[in-house]
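Residues per chain are reported as follows:
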Amino acid sequence: MPDILHRLNINTTIAEKILTGFIADQIQKVGAKGAVLGLSGGIDSALSAYLSAKALGAENILAVRMPYKTSSQASLTDADLVIEALGIRHITVPITDMADALIRQFPDMNNLRKGNIMARARMIVLYDQSAAHGLLPMGTSNKTEFLLGYSTLYGDSGVAMHPIADLYKYQVRQLARAMQIPQPIIEKAPSADLWEGQTDEGELGFTYNDVDQVLYLLVDARYTVDEAVDEGFERAFVEKVWKRVKANHYKRTMPNVAKVSLRSIGHDFLYLRDWVG
Amino acid sequence: MQIKIGLAQIYPKLADVNANLTKHLDYIQRAKADGVELLVFPELSMTGYQVQDLVPEVAIRAHADDPIFAQLLSASIGIDVVVGFVQRDLRNRFFIASAYLSNGECVHIHRKIYLPTYAMFDEARYFDMGEHVRAFDTRFGRVGMLICEDFWHMSPPYLLWMDGADMLILQSSSPSRGLDGGDALSVARWVELVNQAYGSIFTNHVVHCNRVGYEDGKNFWGGSSVVSPDGEFLTKGHYFDEMLITQMVDLNQTHRVRSRLPLLRDERPELLQRELARILRRDGQ
């Protein structure tokens, strides 16, 4: 496998400046009091918490731990590391009862369905806390999982803003190191922690470092599949990645609106989301 | 001749012309108090950048009987001001425009001639293209104005140089992009390289004001600057931060550099015209 990872290197000072500015700007424009985010113990939500605390002040962040009965204790402990380091407000809302109320009605439900239910239960908790405290639900998705569609529609993708969704996992790690996020969180194998022993890379079938390089070439640098293969990446791998990006585009776009009028939402009714700000 | 130039590196509020007018008047007041004689605002400083379907609501007429424009004119007494706005013409066409205001008069209006429609840009959907590149006289000598994409092409600054401009005033709303391992965003490095090249090649002062702030997920990188006729930065504002930048500029440096480096004297525009005419004829066949 070739190594072009150096092309993904980022100036972390600039990244931090832009992303903290973005968070502060969004909160101010909608008139929220701060942000609420789910803290899983993983690197993405940890980085989002660090950026949010820096942008808004620790007292304006509410971290929510939302364990399901199968969630690992290590995840809760790692989430605690972030809470303690930042001094942010936090609560724990177990989702086992919420999720199981649906899951037990379908005894043959597979892990994918269960995982989606858990992700959506967490979204419900975050939006409820949002309404309770006037806080904006903060996204924690990165560019790699967004492009691969490795997320649950209206679950972890159901948020009000995306501070790190233009950073590949490799870049998330760089920024996490620069912001001195606790080492155990940076080093452990990424996992959605939806069932015991799950890891992202095991489930995806490739490593983040490998896929980040291919995605960088195809998306950012606009290489064709053939050109990425010429760089030395295996054709089957490149094709699999690109097919996955395409197949999951629906997760990155708003649902299509059937146009019949002269001026239609989603077609030619064009205002920024920041219109209200 | 020494002049003090100000760069109002502001964060305009999207589509809120009244709020932006207040901010302009505040910056003008502050700059005046600081002895600034020429204050430059960024592209679309009165409206924000991505106004999209709000264009008709934010457009103004560049005329003393327009209540907004009238206040900008009044504010230009004692300080020359360059503002960015959406100009509505009498036939309901809209332009991205910049106005040079001095002593209560509108000296010149430039309408953006290159409207980008690639990548994240969609300007030609909303705006009509300007048709003219003209230098004009000010109390600080002959000047030319361009707006953002206009100076990503090299012909407009060249035309202004040939039309007698000894200073280029460039306005932009340049979105941040190209985060890599470098000391600045790749877009900032590109613009800075080009501004230094214009200063060097035209032996001109290059005054550039770029906005800051956020519109949806996009942000604007600021870094407004003044480049000397030697191609060196006299000043460069912070990236990303709203601020008023001021710089004393010695306009006499232009003739000193041109004594050493007579690029303007030796330029052969007739040759350019002849060869270009030939090339265009050939392409037409």
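Structure's up top.
Residues numbered from 1 in each chain as written. Chains lettered and ligands numbered in written order. Predicted model: local features only at pLDDT ≥ 70, side-chain atom pairs only at ≥ 80, totals over all residues. Heavy atoms only, no water.

A. Expanded view of the sheet that holds strand 3 (residues 80-88) of chain B. Residues and elements named next belong to chain B. With mixed pairing, six strands are arranged side by side in an open sheet as 5-4-3-2-1-14. The open sheet is flanked by strand 5 (105-111) and strand 14 (243-250), the only strands paired with a single partner. The sheet shows a mean angle of 25 degrees between the axes of neighbouring strands, direction not considered. One ladder, built from three bridges, connects strand 2 (residues 38-40) with strand 3; its direction is parallel. By the bridge assignment, L38 is partnered in strand 3 with D80. Seen against the sheet, helix 1 (residues 17-33) touches strand 1 (2-9), strand 2, strand 3 and strand 14 and runs at an angle of roughly 40 degrees to strand 14. (Pairing = 2+ DSSP bridges. Helix = DSSP H or I, 4+ residues; strand = E, 2+ residues; numbered from the N terminus. Axes fitted to C-alpha atoms, helices over the stretch in contact; angles between N-to-C directions. Contact = heavy atoms within 4.5 Å.)

B. Spatial organisation of the sheet that holds strand 3 (residues 89-92) of chain A. All names here are of chain A. Read across the open sheet, the four strands follow the order 3-2-1-4; overall the sheet is parallel. Two strands bound the open sheet, and with one partner strand each, they are strand 3 and strand 4 (135-137). Between one strand axis and the next, the sheet turns by 25 degrees as a mean value, whatever way the strands run. Of the strand pairs in this sheet, strand 1 (residues 34-38) and strand 2 (residues 61-65) are connected by four bridges, and their pairing is parallel. Within the sheet, the bridge partner assigned to A35 lies in strand 2 and is I61. Most of the contacts of helix 3 (residues 73-86) go to strand 2, to which it runs at about 170 degrees, and overall it touches strand 2 and strand 3.

C. Examining empty space enclosed by the protein more closely. Residues and elements named next belong to chain B. Scanning the model with the defined rule gives one cavity of 30 Å³ or more in all. For the largest cavity, the calculated volume is near 50 Å³. Together, K112, P116, Y118, F121, E123, C148, E149, W152, S173, S174, P175 and R177 line the largest cavity. Grouping the constituent residues of the lining of the largest cavity by class yields six nonpolar, two polar and four charged. (1 Å grid on protein atoms, 1.4 Å probe; cavity = no way out; pocket = protein on both sides within 12 Å on 5 of 7 lines; lining within 4 Å. Points joined across faces, edges and corners; volume = space filled by probe spheres on them. Nonpolar A, V, L, I, M, F, W, Y, C, P; charged D, E, K, R; others polar.)

D. Quick peek at the packing of aromatic side chains. For the structure shown, the criterion picks out 15 aromatic pairs over all chains. Ring plane angle 65 degrees and centroid distance 6.0 Å describe the contact between B:Y158 and B:W161, whose orientation is recorded as edge-to-face. One end of the pair is B:Y158 and the other is B:W161, both in helix 4 (residues 155-162) and three residues apart, which spans about a single turn. Take B:Y158 and B:W161: they sit in the same class, and that class is buried. Taking 6.2 Å as the distance between ring centres and 55 degrees as the angle between the ring planes, the aromatic pair formed by B:Y239 and B:F240 counts as tilted. Note on B:Y239: relative accessible area 22%, which makes it partly exposed. Take B:F240: its relative accessible area is 16%, and that puts it in the buried class. In this structure an aromatic cluster arises from ring pairing among B:Y158, B:W161, B:Y198 and B:F202. Taking NZ or CZ as reference, A:R113 lies 5.3 Å from the ring centre of A:F106, over its face. The side chain of B:K236 reaches across the aromatic face of B:F233, ending 4.8 Å from its centre. (Phe/Tyr/Trp six-rings, centres within 6.5 Å; stacked < 30°, edge-to-face > 60°. Buried < 20%, exposed > 50% of the residue type's maximum accessible area, 1.4 Å probe, protein only. Lys NZ or Arg CZ within 6 Å of the ring centre and 35° of its normal.)

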